[in-house]
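# Summary of structural features
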Amino acid sequence: MTDAPLLRVVRGNPDDAELAALTAVVATVASASAPAPARRRTSWWGDRSAAVHAPIAAGDGAWRASSLPR
């Protein structure tokens with residue numbers, strides 16, 4: 001860790017409240033500019049939601065309906 005200051009006043013003589021406000025604004029802008037990590041889409045092969053459906057009733061076309069997407 002370094003001992004270098006994060007902010008440096010070049011001109012003027014700000015009081016503690018002004019420095020606190022400046023620090024808050026800089027911290028807010030720095031955190032807002034960082035992009036949120038992109039959420040990876042899960043593979044269709046690993047998606048278990050396709051396995052959760054109503055059971056197939058036996059009857060005409062049941063074998064065909066067993067593999068069709070809903």
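Up top you'll find the structure we're talking about.
Read on for a plain summary of the structure. (Residues numbered from 1 in each chain as written. Predicted model: local features only at pLDDT ≥ 70, side-chain atom pairs only at ≥ 80, totals over all residues. Heavy atoms only, no water.)

This next bit is on the overall build of the protein. From N to C terminus, the protein includes two helices and zero strands. Within the protein, the proportion of its 70 residues that are buried is 1%. (Helix = DSSP H or I, 4+ residues; strand = E, 2+ residues; numbered from the N terminus. Buried < 20%, exposed > 50% of the residue type's maximum accessible area, 1.4 Å probe, protein only.)

A cluster of nonpolar side chains, namely Leu6, Leu7, Val9, Leu19, Leu22 and Val26, defines an oily patch on the protein surface of about 540 Å² accessible area. With respect to the helices and strands, the residue Val26 is situated in helix H1 (residues 16–33). The class for Val26 is partly exposed, based on a relative accessible area of 37%. (Patch = residues over 30% accessible without salt bridge, like charges linked within 9 Å, V, L, I, M, F, W, Y side chains within 5 Å. Areas by Shrake-Rupley, 256 points an atom, 1.4 Å probe, with all protein chains shown as cover. Salt bridge = Lys/Arg side-chain N within 4 Å of Asp/Glu carboxyl O.)

With that settled, the discussion passes to the environment of Pro14. Residue placement: Pro14 occurs in the segment before H1. When residues no more than four places from it in sequence are discounted, the contact partners of Pro14 are Val9 and Leu19. (Contact = heavy atoms within 4.5 Å.)

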